[in-house]
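# What the coordinates show
Okay, here's what each chain looks like letter by letter:
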Amino acid sequence: MSDSVRLAVISFAHGHARSYCRAIADFDDADVVAAWDDDQERGQTYAAEFGLDWAPDLDQLLARQDIDAVFVASPTNRHAEHVIAAAEAGKHVLLQKPMALTLEDCDAIIEAINRSGAKFSMCYQMRCDPINQKMKALIDEGAVGNVAVIRRRHAIPALLNKSWAVPGNWHIDPAQNMGMFMDDASHAADWFYWMLGRPVSVTAEIDNIVTDVAPDDNGVAIYRFGKGEIGILFNSSTQLAAEATTEIYGDAGTIHQNYGDAPSTRVPPEGSPLKIFRAGAEDWEKFDFSFVPHGSRIHAVARPVVDFVKGDGPPLATAEDGKVCIEMVLGAYQSAREGRRIHF
């Protein structure tokens, strides 16, 4: 590989691909050079915006010898197809969440990556947030003792946006994306897995509560983890504003995060967005973090995944990690559908 990593985009369907292109434009060790999209108008528009070569055919894009890796940002039901094609062409793969809509597609991706020897990373933005990284470090070092309960909200107001929630948007098409809980709660599911490891069971409610334009608009999943910890994942696509994104309760301390998803970042929080109350203390200890806009976390994905392709760091999450997240989300849907606890 040359000193500069050369990347391409497979589909601009997911808007995060545009953030990665903008971020990499400022790198001196990487370039996004080409793109393909099955929506030709969309693909050509963004290829022109970012100064990329336009490939009218995916095979033509993947045949280029000067491309090291690809961002796959197509509709979720096409992830396996596109990852397999890229891996078989010898390209490293950086995959937008969620990994796939079925465990069979996850397995197909894992098999293709293992067979080809290609590098693979999920593009999980929550792992790039410095405050999320600090919370993980605090849990890992035992700052709150034995964790009892964690509540994490990941929400957006998308389904209240009349220009977004319209027929033809693949995000709300059940065939292409299953539902909003699959699309967006996957962020928080990976966050919980990153913090606490694999869950052992889930009980959930997922439904259309206030809208009818997508398969679901709000959901709550209660996960149990290996040491008995309870994780409460709240996902909403109809939330205008919020605070208290994360609460972590242990027998030696409490952590509160007052920003971290779209509704909570509409108005910057007062004071530090992260604080801890330790056993025996008289007041909260506030950490010196500044407010980070919601889009900055997405923008931040580009640096670690480029470093990974270069061999200068680990993946944000492996293909096997990506499958765990899908198991968590599919288990929540099954629980809501059948009205019972699901064991993994």
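Above this note sits the structure.
Residues numbered from 1 in each chain as written. Predicted model: local features only at pLDDT ≥ 70, side-chain atom pairs only at ≥ 80, totals over all residues. Heavy atoms only, no water.

So, on to the overall build of the chain. Broken down by element type, the chain carries 11 helices and 15 strands. For the chain, the C-alpha radius of gyration of 20 Å lies close to 20 Å, the compact-globule estimate for 344 residues. Seen through its principal axes, the chain has C-alpha atoms that stretch 60 × 45 × 40 Å. Expressed as a percentage of the 344 residues in the chain, the buried residues total 55%. Approximately 14200 Å² of the chain is accessible, and the part contributed by carbon and sulfur atoms is 49%. (Helix = DSSP H or I, 4+ residues; strand = E, 2+ residues; numbered from the N terminus. Rg over C-alpha atoms; globule rule 2.2 N^0.38 Å. Buried < 20%, exposed > 50% of the residue type's maximum accessible area, 1.4 Å probe, protein only. Areas by Shrake-Rupley, 256 points an atom, 1.4 Å probe, with all protein chains shown as cover.)

Bringing the sheet that holds strand E10 (residues 230–236) into the picture now. With respect to topology, nine strands assemble into an open sheet ordered E14-E13-E12-E11-E7-E10-E9-E8-E15, the strand pairing being mixed. Looking at the sheet topology across the chains shown, the edges are occupied by strand E14 (285–286) and strand E15 (342–343). Both strand E7 (residues 147–155) and strand E11 (residues 246–250) contribute to a ladder of five bridges, which runs antiparallel. Looking across to E11, one finds that Val 149 is bridged to Tyr 249. (Pairing = 2+ DSSP bridges.)

The next point concerns the environment of Thr 246. Within the secondary structure, Thr 246 is located in strand E11. Considered as a pair, Thr 246 and Ala 300 are 54 residues apart in the sequence and their alpha carbons are 20 Å apart. Here Thr 246 is in contact with Met 135, Arg 151, Arg 152, Trp 191, Ile 255, His 256 and Gln 257, once residues within four sequence places are set aside. Looking at Thr 246, its side chain comes within polar contact range of the side chain of Arg 152, at 2.8 Å. (Contact = heavy atoms within 4.5 Å. Polar contact = N/O pair within 3.5 Å; in protein donor to acceptor, adjacent residues only side chain to side chain.)

Of note, Ile 172 is situated in the loop between E7 and helix H7 (174–177). Expressed as a C-alpha distance, the spacing of Ile 172 and Phe 234, which sit 62 residues apart in the sequence, is 19 Å. Residues within four places of Ile 172 in sequence aside, it is in contact with Leu 159, Trp 164, Ala 165, Val 166, Met 180, Val 213, Ala 214 and Pro 215.

Another aspect to go through is the pattern of salt bridges. Across all of its chains, the model carries 24 salt bridges by this definition. A salt bridge links Asp 107 to Lys 323, with the shortest nitrogen-to-oxygen separation between them at 2.7 Å. Remark: Lys 323 occurs in helix H11 (residues 319–338) and Asp 107 occurs in helix H5 (residues 103–116); sequence separation between them is 216 residues. For Asp 107, a relative accessible area of 37% gives the class partly exposed. Of the charged contacts in the structure, one is a salt bridge between Arg 278 and Glu 285, with a shortest N-O distance of 2.8 Å. Its relative accessible area of 33% is what places Glu 285 among the partly exposed residues. (Salt bridge = Lys/Arg side-chain N within 4 Å of Asp/Glu carboxyl O.)

Another point: the packing of H5 against H11. Axis separation between H5 and H11 bottoms out at 10 Å; the angle between their running directions is 180°. As judged from the angle between their axes, H5 and H11 are roughly antiparallel. Contacts between H5 and H11 involve Leu 103, Cys 106, Asp 107, Ile 110 and Asn 114 from the first element and Ala 319, Glu 320, Lys 323, Ile 326, Glu 327 and Leu 330 from the second. Across the contact of H5 with H11, the residue classes break down as six nonpolar, one polar and four charged. (Axes fitted to C-alpha atoms, helices over the stretch in contact; angles between N-to-C directions. Parallel < 35°, antiparallel > 145°, perpendicular 65-115°, else oblique. Nonpolar A, V, L, I, M, F, W, Y, C, P; charged D, E, K, R; others polar.)

As a further point, take the environment of Gly 145. Structurally, Gly 145 is set in the loop between helix H6 (130–140) and E7. A sequence separation of 90 residues divides Gly 145 from Ala 55, and the C-alpha atoms of the two residues are 54 Å apart. Excluding anything up to four places from it in sequence, Gly 145 contacts Asp 251 and Ala 252.

This paragraph deals with the sheet that holds strand E1 (residues 5–10). As summarised here, the arrangement of the six strands in space is E3-E2-E1-E4-E5-E6, forming an open sheet in which the pairing is parallel. Sheet topology places strand E3 (53–54) and strand E6 (120–122) at the edges, where each strand pairs with a single neighbour. Direction of pairing for E1 relative to strand E2 (residues 30–36): parallel, over a ladder of six bridges. When the sheet's bridge partners are listed, Leu 7 is paired in E2 with Val 32. With respect to the sheet, helix H4 (residues 79–88) is in contact with E1, E2, strand E4 (69–72), strand E5 (92–95) and E6, its orientation differing from that of E5 by roughly 160°.

Below, the discussion takes up the pairing of strand E13 (residues 274–278). When strand E12 (residues 253–257) meets E13, the two strands line up antiparallel, connected through five bridges. Bridge assignment links Thr 254 to a residue of E13, and that residue is Phe 277. The sheet contact formed by E13 and E14 spans two bridges and is antiparallel. Bridge pairing links Lys 275 to Lys 286 in E14. The hairpin formed by E13 and E14 contains six residues between the paired strands, and Gly 280 there has a positive phi angle of roughly 90°.

On their own, these measurements won't tell you what the molecule is for.
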